[in-house]
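Overview (structure and organization)
Below are the chains, spelled out letter by letter.
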Amino acid sequence: MAAATGIVTAADLRGGSARRRREAVIRRAFGLAAGVSIVISGLIIVALIGHAIDFLRQIRFSWLFADGWFARRNEFSIPTLAVGSLLVGGVAMLIAAPLGLGSAIYLAEYARPAHRRALKPIIELLAGIPSIVVGFFALTVISPDVVQKLFSSATFFNLMAAGIGVGILSTPLVATVAEDALRAVPRSLREGAYGLGARRRTTSMRVVVPAATSGIAAALILGLSRAVGETMVVLMVAGGTGGSTFTFNILGPGQTATGAMAALAIGSDQVKGASAAFASLFFVGLLLFVVTFTLNVVSERYVRRARRHG
Amino acid sequence: MKMNRSIRWSVVAAALLAIVAAGCSSKSDTSTSGTAGGTGMTGSVDVSGSSTVLPISQLVAENFSNDNADAQVSVDGPGTGDGFVLFCEGKTDINDASRQIEPEEAKACKQAGVNYVAMEIGLDGITVMTNPANSQITCLNDGDLYALFGPQSEGFGSWSDANALAAKVGGKGNFPDEPLSIVAPGEESGTYDSFIDLAGIEDTAIEQGVPEDKAAALRADYQSSPNDSVIIQGIEGSNSSLGFVGFAYADQQGDQIDKVQIDGGDGCVEPSADTIRDGSYPLSRSLYIYVNTDKVASNPTLKSFVDYYMSDAGIAAVTDADYVAIPSERLDASRQTWTNAEGGGSASPSA
Amino acid sequence: MIARDVTTGVVASGIRTGKRDWSGVTFACVLLATLLVSLGILVALLWDVVKRGAPVLADRGVDFLTAGPSSSVSQAGVGLALAGSLVMMVIVAVIALPIGVGAAIYLEEYARDTWLTRLIAANVRNLAGVPSIVYGILGLVLFVDFLNRIINIRDTGSLLSGGLTLSALVLPIVIITTSEALRAVPKSLREAAFGVGATRWEVIRHHVLPAAAPGIVTGTVVSLARAFGETAPLLFVGAVRGFFSTGNATFLEKLFTSGYTALPIQILFWSTVPNPEFKSLAAAGIVVMMVILLAVNGIAIWLRNRYERTW
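Being a predicted model, the structure only gives us computed values, none of them experimental. (Residues numbered from 1 in each chain as written. Chains lettered and ligands numbered in written order. Predicted model: local features only at pLDDT ≥ 70, side-chain atom pairs only at ≥ 80, totals over all residues. Heavy atoms only, no water.)

For chain B, the helix and strand inventory stands at 16 helices and 13 strands. Looking at the 351 residues of chain B, the share that counts as buried comes to 55%. Split by element, the accessible area of chain B, about 13600 Å² in all, is 50% carbon and sulfur. (Helix = DSSP H or I, 4+ residues; strand = E, 2+ residues; numbered from the N terminus. Buried < 20%, exposed > 50% of the residue type's maximum accessible area, 1.4 Å probe, protein only. Areas by Shrake-Rupley, 256 points an atom, 1.4 Å probe, with all protein chains shown as cover.)

Residue and element names in this part refer to chain B. With burial as the criterion, each face of strand 5 (residues 127-130) is covered, one bearing Thr-127 and Met-129 and the other bearing Val-128 and Thr-130. Pairing of strand 5 with strand 9 (residues 241-245) involves four bridges; the strand directions are antiparallel. Looking at the pairing, Val-128 lines up with Phe-244 of strand 9. (Pairing = 2+ DSSP bridges.)

All names here are of chain B. On the basis of which strands lie adjacent, the open sheet formed by five strands has the order 8-7-9-5-10 and mixed pairing. With one partner strand each, in any of the chains shown, strand 8 (223-224) and strand 10 (258-259) form the two edges of the open sheet. Two strands pair when backbone bridges link them, and strand 5 and strand 10 are joined in this way by two bridges, in the antiparallel orientation. Bridging across to strand 10, Met-129 finds its partner in Lys-259.

So, about the interface of chain A and chain C. Counting from both sides, the interface comprises 79 residues of chain A and, opposite them, 79 residues of chain C. With both sides pooled, the region where chain A packs onto chain C buries about 7100 Å², and carbon together with sulfur makes up 75% of that total. When residues of chain A are sorted by the area they lose upon contact with chain C, A:Arg27, A:Phe30 and A:Phe136 head the list and together hold 10% of the total. Here C:Glu202 makes a salt bridge to A:Arg19, at a shortest N to O gap of 2.8 Å. For the pair chain A and chain C, the number of links is twelve residue pairs in polar contact (both at pLDDT 80 or more). Per-element tally for the side of chain A that touches chain C: the top contributor is helix 2 (residues 17-58) of chain A, with 19 residues. Its residues placed into classes, the side of chain A that touches chain C shows 51 nonpolar, 18 polar and ten charged. (Contact = heavy atoms within 4.5 Å. Buried area = accessible area lost by both parts, 1.4 Å probe. Salt bridge = Lys/Arg side-chain N within 4 Å of Asp/Glu carboxyl O. Polar contact = N/O pair within 3.5 Å; in protein donor to acceptor, adjacent residues only side chain to side chain. Nonpolar A, V, L, I, M, F, W, Y, C, P; charged D, E, K, R; others polar.)

Let us now look at helix 4 (residues 113-127) of chain A. Owing to its 3.6 residues per turn, the α-helix brings residues three or four apart onto one side. Here helix 4 of chain A spans 21 Å end to end across 15 residues, near enough to the 21 Å set by a 1.5 Å rise per residue. For helix 4 of chain A, the full list of buried residues reads A:Arg116, A:Leu119, A:Lys120, A:Ile122, A:Ile123 and A:Leu126. Buried positions along helix 4 of chain A lie against helix 3 (78-110) and helix 6 (159-184) of chain A together with helix 2 (22-60) of chain C. (Expected span 1.5 Å × (residues − 1).)

What follows concerns the sheet that holds strand 12 (residues 268-269) of chain B. Residue and element names in this part refer to chain B. With respect to topology, three strands assemble into an open sheet ordered 6-11-12, the strand pairing being mixed. If you trace the sheet from one side to the other, it starts and ends with strand 6 (139-141) and strand 12, each paired once. One ladder, built from three bridges, connects strand 6 with strand 11 (residues 261-263); its direction is parallel. Considered in strand 11, the bridge of Cys-139 is made with Gln-261. Across the sheet, helix 5 (residues 142-149) touches strand 6 and strand 11, and the angle it forms with strand 6 is around 85°. (Axes fitted to C-alpha atoms, helices over the stretch in contact; angles between N-to-C directions.)

With that settled, consider the packing of aromatic side chains. Inspection of the entire model under this criterion finds 24 aromatic pairs over all chains. A centroid spacing of 5.0 Å and a plane angle of 90° characterise the contact between A:Phe55 and A:Phe76, whose relative ring orientation is edge-to-face. Of this pair, A:Phe55 sits in helix 2 while A:Phe76 is found in strand 2 (residues 75-76), placing the two residues 21 residues apart along the sequence. Judged by its relative accessible area of 0%, A:Phe55 is buried. Site record: aromatic cluster; members linked through ring pairs are B:Phe84, B:Phe87, B:Tyr116, B:Tyr288 and B:Tyr290. When the ring centre of A:Tyr110 is taken as origin, the NZ or CZ atom of A:Arg200, which lies over that ring, is 5.5 Å away. (Phe/Tyr/Trp six-rings, centres within 6.5 Å; stacked < 30°, edge-to-face > 60°. Lys NZ or Arg CZ within 6 Å of the ring centre and 35° of its normal.)

Below you can see the structure in the form of structure tokens.
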């Protein structure tokens, strides 16, 4: 459609209207796809809040601070679940932090490229193990052969075994994020330290690690978030499927938020009555969602800070 | 780009392969059917309810499926109470029950318009268990059970704490000073209700002055679980543990657990198939199936399934699953109930 | 940071004595030990599982892979569970992959850097961190209860419900991995295509996507592997743990109205049943699952190594 003068303008290059219309349609289609993720978030929040309000309307406030979590007896002790989740998360981080950070520092600072290529798959393999497999391992090995052997007063179902299992699952996450953070530290910082005569350990621990603090903090927070959100290991080995009294004893059975939710699914399987017991599922789910959401947002702040300073 | 296209095709091919594989493999689901008999039923049957009765119904379902490979049967065991909720909402066809239906549940069924019939199909004995290392405990009576499990025992952390209460309610007492770790079913389980009933917990509690609304309950601070396997593992895992499950589960564990004898007033009786059948074991109870009669009328597969259940071949599952068969007069009575309910079936009376 | 006298002292002693830095070596060993402990745990886990499960597989071989659930230890198998898992993977592939890749394309190629775009991106990252059990709740409310009002599916949840729930769970991961793959493609490629007059879609379709394809494929394979191993969400959408048979149901019936189960659920059931003999079946099921996961991840790594381009 060049003008008679033979000058090509931008209008000519834009192509036929059919082509442009097709472009617009495709763009809108992709936009819709992106919108789906927002829809999903919205639905999750609506589903949780809606039924959680139902639950709160059905119960008496004192029930939330009963002696334990026994959903069928209308005892919905949130502190029991909170303490349980914290204990499991705490034990998990006691495992995941040293293993994850140690591996990360080694892979980032010490391992030669050839070694790194050989050793990194260990972490990747660990990351690929589904939680049900670790749950089975906790049931058949961790609890009887590790926890009960070390602590004679431990019952078969205990929070410590659950914590160890969850720690195994969190380790790869901590290791990967921490390693990324360490590798992001610019070489110049290391070279400066070496130039001053520092040896490798000093460089790593006094220069690189502090420089990567934000990233490492993000790794630990993400690890904790994963630990708190883990279900299968807790369901299989923490022993709280029928309920649990308020306890700080990690050598005995207990219940976490995720375990309580799953127990309601299995025990109250298919029972979708208007009973408060089933509705508690949504309330606990909402609390869990808020907690993990907060942890993830905080961890993102740290990642952004790392990117800014690094 | 060529690589792009070949990846796309391989994904499509893999997907088709998966669909075909899924379609094909599901044909040979349960096992190759030896008996080419059966009526070739094609409908569906949904069974839920007691986890105690689950092994029996499951075996019946499997045998039924062998003869009727086209039928769709599913069996689940969330607990008698949960099962009744589903049953009285009309969501399941059969409810397995380790106790009889309670008045509130019957009312719920009536309000929802669910008509049913109940048949006794087998016997179970609630077996109280402890760890083999706890050799001092061999026999307990109702008073002992109350002192250890009852509503007034909350807080008793060791066996000896219960001695005083045991003495008060006529128990033998004399418990050792060992940690009392209890793992037992919870309120969603029919076994829980049966235990309270058979051990006379409610009466003893009322005698002791426990308010009525709390009398028919066990202490609230033990580790309860709807999962019998959790209970068994809890018993095996602690030296001075205590708990109870259905007889079949306990019997399967062999020497891993110790079955406690129960003294119902006539001496200590060991739970066994014989003592349960003749009633000498105090904690014996009946197992039932509740069938939705409206659904029977409209679902020939369901009718055929219950016919099979009540037949000799079907009811053999009770003993196959390590439970105890009911005496033949009661089996005849159950069969008669079924025949009356569905107006002439093909269940044959025992010879 | 580093004390002056420490550094000069160290340099001085290093030059003077040539002594070995033992504490440094120990430290390095401690760090390596943490890595080896992780390896040890991995090996112990796999060893325990294989030890328990291999005899079952050796004994029963293919029969274990095709038989359905049964209350008899010698007859039960993972056949129906595998079929259920496979069909759900296909559903995830058909639903989550197109939507995920499409969303990533939009975020990386089309969207301008507005608050909305940043919100969507942040939202995707948050969804990726939501515990899987919360997706189970979403599945229950949306893909079982709500879906039941529109079409006739099984009251407690069907294969379709399970597949859709897993799709929602995996979607954020697909978006994130695809975004990373797209970002890795250098701008110069796009600019060259624009320079010769291509429209945006043509640039994406003919240049960016083919270049990012290895990364996208690897990412989707990883997502599918993740969905394959998920257990918790399926508990809420009706996966059967006990016995069931699908009889002569047609494929569509199996999708909508029949009972179903998945491999991880079957393993969970066998692990927690009172009869202790089922534990070896559970281990055998885990071996099958790990073999499939290893194969799938292996293919992903092979694809990545073979087709990956460095720019």
